[in-house]
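Residue-level structure breakdown
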Amino acid sequence: MTASSSRNVVLALGLAALLSGCATKTDLETLQNQAYRDRQESRRTIQKLEDQLTQTQGELREEIQKSTTPVQAKQANTWAELEGMRMQVAKLQEKLDTLTVRFNSLTPEGGPNLGDVANDVQNIKTALHSQFGMDLGGAPTGKTDAAPGKAAPAKVDTAPVSRVEVAKAPAKEPEAPKLDTAEALFAKADSSFKARKYEEARQYYSEFATNFKKHPKTSEAVYWVGECAFNLQDYGKAVLAYQEVIERFPKSSKYKSAVLKQGMAFYKIGKDKAGRAVLQDLIDRFPSSPEAISAKKYLKDNK
């Protein structure tokens, strides 16, 4: 006879004694002790399930961390390279702006730009060469002979022309505001996710979460990392991503969704007990939420 059967027999005998009106103080104490032992055993069972859930999460985190460490290192290196390229582009743009300002300071308002000046110089060289036989470099090299009886080319006065004072360059118009880097990256990730390019979207969301840890959308980025993994059937990594939302962002708008999807992901990897415990916890804490309703349906369909 099992322990459970023995308890049932004791309880049955105790109830029979109470109903017959001949229960003694010893019988009552026996029933009380048995009830206390039942409660203690229930608590131990619950604690055991919670310990199993914690152990399962830890094992998954350790296994997946080993497989994702090289990827994270590669992402960090890629981001560093991108940042270096952005800095180089910014420096080149700054140099170009400086050269443009210097040129504009020597040019009257509405004057030619650098390209126009270069073309004008070349045209002048060509005209001088064709009309007076002067080779100033850059002009056509074809040799021109004077016709018989013609006078020799006139000597050209090459004295420098007096400098003309030019007007000050107009004030530089303010540049259009640049798109915020974080918002641009998040929008890029959203676009990839909507196009069902889940691996590409996961990389963008991960990059966002890694480099903008204090941004208001960081919790959403981590959640969508989990969603990308879920859609790619990479359920182990999805569990870890949802767990990060649960632990780091308990006030996030994605908190309840993360709990729901983590429970489903546990089922997908064969951890039914852990999945049931997670979903039941969601139902107990947020019974009227849409996520709890979905959890109830999922448990019903996966009995």
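Everything quoted here is computed from the prediction, not taken from an experiment.

Rules used in this analysis
- Residues numbered from 1 in each chain as written.
- Predicted model: local features only at pLDDT ≥ 70, side-chain atom pairs only at ≥ 80, totals over all residues.
- Heavy atoms only, no water.
- Axes fitted to C-alpha atoms, helices over the stretch in contact; angles between N-to-C directions.
- Helix = DSSP H or I, 4+ residues; strand = E, 2+ residues; numbered from the N terminus.
- Parallel < 35°, antiparallel > 145°, perpendicular 65-115°, else oblique.
- Left-handed = near helix turned anticlockwise from the far one by under 90°.
- Contact = heavy atoms within 4.5 Å.
- Nonpolar A, V, L, I, M, F, W, Y, C, P; charged D, E, K, R; others polar.
- Expected span 1.5 Å × (residues − 1).
- Buried < 20%, exposed > 50% of the residue type's maximum accessible area, 1.4 Å probe, protein only.

1. Notes on the packing of helix α5 (residues 198-211) against helix α6 (residues 218-231)
Contact pair α5 / α6: the axes reach a minimum separation of 8 Å and the direction vectors enclose 155°. With respect to each other, α5 and α6 are oriented roughly antiparallel. At the point where α5 passes α6, the crossing takes the left-handed sense. Contacts between α5 and α6 involve Tyr198, Ala201, Arg202, Tyr205, Ser206, Phe208 and Ala209 from the former and Thr218, Ala221, Val222, Trp224, Val225, Cys228, Ala229 and Asn231 from the latter. Taken together, the residues of the contact of α5 with α6 sort by class into 11 nonpolar, three polar and one charged.

2. Side note on helix α7 (residues 235-248)
The first and last C-alpha atoms of α7 sit 20 Å apart over 14 residues, in line with the 20 Å expected at 1.5 Å per residue. Every buried residue of α7 is listed here: Tyr235, Gly236, Ala238, Val239, Leu240, Ala241, Tyr242, Gln243, Val245 and Ile246.

3. Quick look at unusual backbone geometry
Unlike most non-glycine residues, Arg196 shows phi in positive territory, near 65°. Tracing the backbone shows Arg196 in the loop between α4 (181-194) and α5. Phi at Gln233 takes a positive value of approximately 65°, unusual for a residue other than glycine. Turning to its location among the elements, Gln233 is positioned in the loop between α6 and α7. What makes Gln233 exposed here is its relative accessible area of 60%.

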